[in-house]
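# Understanding the architecture of this molecule
Each chain, written out:
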Amino acid sequence: MRRGRVPNLLLTALLDGPAHGYELMDRLEASSGGTWRPSPGSVYPLLQSFVDSGLVEGREAQGRKVFALTEAGREHALQQRDGAAEPGPYSPDVHHSPLRTEMERLKAAARQVSASEASPEQLEEAIAAVRGARQTLYRILMDQ
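The structure reproduced in this document is the subject of the present report.

Let us look at the overall build of the chain. Scanning the chain for helices and strands turns up six helices and two strands. Along the chain, helices and strands appear, N-terminal first, in the series α-α-α-β-β-α-α-α. The proportion of buried residues among the 144 residues of the chain is 29%. Sequence separation of 24 or more characterises 52% of the internal contacts of the chain that already satisfy a separation of 6 or more. Accessible area for the chain stands at about 9,400 Å²; split by element, carbon and sulfur atoms hold 54% of it.

Below, the structure written as structure tokens:
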């Protein structure tokens, strides 16, 4: 991954919602189809520089620092998104990339639900939603 692209990729990863550093690393790894994962040594200093420049704000949540875009950061990320999302030399097959991205988003959402103070009913609802998605995918395979 070219060094100059990492800041824009990190900001655009925050368009999917607030996250802590390791969640952002997971998002970036997913968006590359597993071919690239930034290191904590590159992500956390960038996040701090974004906080210092007013593009991102950090807050404590469940013992972790969670980062979210400010309005200025959102505008900047939206401007950069088109250029940052272009497939690079290490990108997976473009046909499968959107599916992989959605799988990782589902995984991140499931992690957030399991880490939250969800009620037993909410956890059951989340489990049913993930189970339903899995069953639908298998149904698609059977119809081929």
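After presenting the structure, the write-up continues.
The next point concerns the side chain of S32. Here S32 lies in the loop between α2 (21-31) and α3 (40-53). In this structure S32 comes out as buried when scored by relative accessible area, which is 8%. There is a polar contact of 3.0 Å between the side chain of S32 and the backbone nitrogen of W36.

Its volume calculated, the second largest pocket comes out at about 340 Å³. Elements that contribute at least two residues to the lining of the second largest pocket include exactly α2, β1 (56-61), β2 (64-69) and α5 (97-115). Looking at the lining of the second largest pocket element by element, the count peaks at three residues for α5. Looking at the lining of the second largest pocket residue by residue, the class counts come to five nonpolar, four polar and five charged.

Applying the stated criterion across every chain, the model contains six salt bridges. For R105, the salt bridge is made with D16, and the minimal N-O distance between the two is 3.3 Å. Here the residue R105 occupies a position in helix α5, and D16 occupies one in the loop between α1 (6-13) and α2, the gap between them amounting to 89 residues. With relative accessibility at 41%, the residue D16 sits in the partly exposed group.

Reading the values: rules and limits
- Residues numbered from 1 in each chain as written.
- Predicted model: local features only at pLDDT ≥ 70, side-chain atom pairs only at ≥ 80, totals over all residues.
- Heavy atoms only, no water.
- Helix = DSSP H or I, 4+ residues; strand = E, 2+ residues; numbered from the N terminus.
- Buried < 20%, exposed > 50% of the residue type's maximum accessible area, 1.4 Å probe, protein only.
- Contact = heavy atoms within 4.5 Å.
- Areas by Shrake-Rupley, 256 points an atom, 1.4 Å probe, with all protein chains shown as cover.
- Polar contact = N/O pair within 3.5 Å; in protein donor to acceptor, adjacent residues only side chain to side chain.
- 1 Å grid on protein atoms, 1.4 Å probe; cavity = no way out; pocket = protein on both sides within 12 Å on 5 of 7 lines; lining within 4 Å.
- Points joined across faces, edges and corners; volume = space filled by probe spheres on them.
- Nonpolar A, V, L, I, M, F, W, Y, C, P; charged D, E, K, R; others polar.
- Salt bridge = Lys/Arg side-chain N within 4 Å of Asp/Glu carboxyl O.

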